[in-house]
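Topology and contacts: notes
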Amino acid sequence: MNFKQLNIINNLEQSYKKILEVLSKFFGNKLQNHQRRTPKISDLEAVSLVITAEYLSIDSECQLFRKIPESIKSKIERSVFNRRRRKLFPYIEQIRTKIAQHFNEFEDVFMVDSMPLKVCENSRAKHSHICKEFDYSSPDFGYCASQKLYYYGYKLHAICSLNGIFQSIDMSPASVHDIRYLNDVKEQLSNCTLIGDKGYLSAEVQTDLFNYANIQLDTPKRTNQKDYRPQFRLFRKKRKRIETLFSQLCDQFMIKRNYAKSFEGFKTRIFSKITSLTLIQYINKFILNREIHNLKASII
């Protein structure tokens, strides 16, 4: 083993211990396993390993198990880890939700947007069996207007605060229009302002959100509308924060790269990456006392 390989292993092990320490303080013993036999690695340790891998841009389990130290590898096999990772999806989302509430408890301005998640290339779509085990979760074709892109897969819907913390996330087939996601938003938010792009422009939806949950939907209007006026400059500037988060998910967390074959695996990978991003933001702000979006800096 050369010096570079040894350094990677040490960095992974130390990052894993740091993340496990933070999660243990944050959640205590709330994440319990539900197996007949007590496993060598607890649920909290398994989730910490998942988050560590995503933070270090390791999205291949084979690559992860080549790099993790023997002290961890001896406790769990790769195939077992893969199955437990999917079963731990509710816990992973619970972690993200709780951290988001810690950040966004007093926030009243949020941004909404979506991004494409390709499952495979368009030319392979008709013959692909990826994520098609259930009809309700099967991917389909969609169009991303901002990227002028036809693609096959899913659409990630997200709401984040002005500080850049994801408050709510969801996935839908690619053909689902952005505005349909707002039907779920009114059950999750209230008494706030929601900033969106022209894809969310609808007088009917705007009225419904305001009457149902006192949500003020603010979107830029088209120049040919009779009551056109430019969107508030600060809102236009702040809305770029969610686009920056999407870029970070694509860059460091490689959210557009897919190795999953089932929908459960695909969904778990996507939400794990967002949970990892949110936890690193928490560590930056409350433990290391630095800029929360400095995601590539070491946490050890």
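Since the model is a prediction, treat every value here as computed from it, not as a measurement.

Let us look at the packing of aromatic side chains. For the structure on display, the rule yields 11 aromatic pairs. Taken together through their ring pairs, the aromatic side chains of Phe-103, Tyr-282 and Phe-286 make up a single cluster. Seen from the ring of Tyr-212, Lys-186 lies directly overhead, with NZ or CZ sitting 4.9 Å from the centre.

For the rest of this paragraph, the subject is the packing of helix H5 (residues 78–87) against helix H6 (residues 89–104). It is the contact of H5 with H6, at a shortest axis distance of 4 Å, that shows an interaxial angle of 55 degrees. Taken together, the axes of H5 and H6 lie oblique to each other. Where H5 abuts H6, its residues Arg-85, Arg-86 and Lys-87 lie against Phe-89, Pro-90 and Ile-92. Looking at the contact of H5 with H6, its residues break down into three nonpolar, no polar and three charged.

Attention shifts here to helix H2 (residues 43–55). For H2, with 13 residues, the first-to-last C-alpha span of 18 Å sits near the 18 Å given by 1.5 Å per residue. Of all the 13 residues making up H2, 13 are buried; the element is thus mostly covered by neighbouring parts of the structure. Immediately beyond the C-terminal end of H2, within one or two residues, lies Ser-57, with a positive phi of roughly 60 degrees.

This next bit is on the confidence of the model for the protein. Across the protein, pLDDT averages 87, with 89% of residues at or above 70. pLDDT under 50 marks residues 2–8. Its contacts with residues more than four places away, or in other chains, come to two contacts.

Moving on: the side chain of Ser-137. With respect to the helices, strands and loops of the structure, Ser-137 is situated in the loop between strand S1 (109–120) and strand S2 (140–144). In this structure, Ser-137 is in contact with Cys-131, Tyr-154 and Phe-263, ignoring residues within four places of it in sequence.

Attention now moves to H5. Taken together, the buried positions of H5 are occupied by Phe-81, Arg-84 and Arg-85. An end-on view of H5 places all buried positions within 105 degrees of arc, on one side of the element. Elements in contact with the buried residues of H5: H2, helix H3 (61–67), H6 and helix H11 (263–287).

Turning our eyes to something else, we now look at the pattern of salt bridges. Across all of its chains, the model carries 14 salt bridges by this definition. A salt bridge links Glu-61 to Arg-85; the nearest nitrogen and oxygen atoms lie 3.3 Å apart. A residue pair is termed long-range when its members are at least 10 positions apart, and Glu-61 in helix H3 and Arg-85 in helix H5 qualify at 24 residues. Assessed through its relative accessible area of 6%, Glu-61 is described here as buried. The class for Arg-85 is buried, based on a relative accessible area of 8%. The network of salt bridges with common partners includes Glu-54, Glu-61, Arg-78, Arg-85 and Lys-273.

As a further point, take the side chain of Ser-128. Structurally, Ser-128 is set in the loop between S1 and S2. Separated by 3.2 Å, the side chain of Ser-128 and the backbone nitrogen of Ile-130 make a polar contact.

Reading the values: the criteria
- Residues numbered from 1 in each chain as written.
- Predicted model: local features only at pLDDT ≥ 70, side-chain atom pairs only at ≥ 80, totals over all residues.
- Heavy atoms only, no water.
- Phe/Tyr/Trp six-rings, centres within 6.5 Å; stacked < 30°, edge-to-face > 60°.
- Lys NZ or Arg CZ within 6 Å of the ring centre and 35° of its normal.
- Axes fitted to C-alpha atoms, helices over the stretch in contact; angles between N-to-C directions.
- Helix = DSSP H or I, 4+ residues; strand = E, 2+ residues; numbered from the N terminus.
- Parallel < 35°, antiparallel > 145°, perpendicular 65-115°, else oblique.
- Contact = heavy atoms within 4.5 Å.
- Nonpolar A, V, L, I, M, F, W, Y, C, P; charged D, E, K, R; others polar.
- Expected span 1.5 Å × (residues − 1).
- Buried < 20%, exposed > 50% of the residue type's maximum accessible area, 1.4 Å probe, protein only.
- pLDDT = per-residue confidence, 0-100.
- Arc of directions from axis to C-beta.
- Salt bridge = Lys/Arg side-chain N within 4 Å of Asp/Glu carboxyl O.
- Polar contact = N/O pair within 3.5 Å; in protein donor to acceptor, adjacent residues only side chain to side chain.

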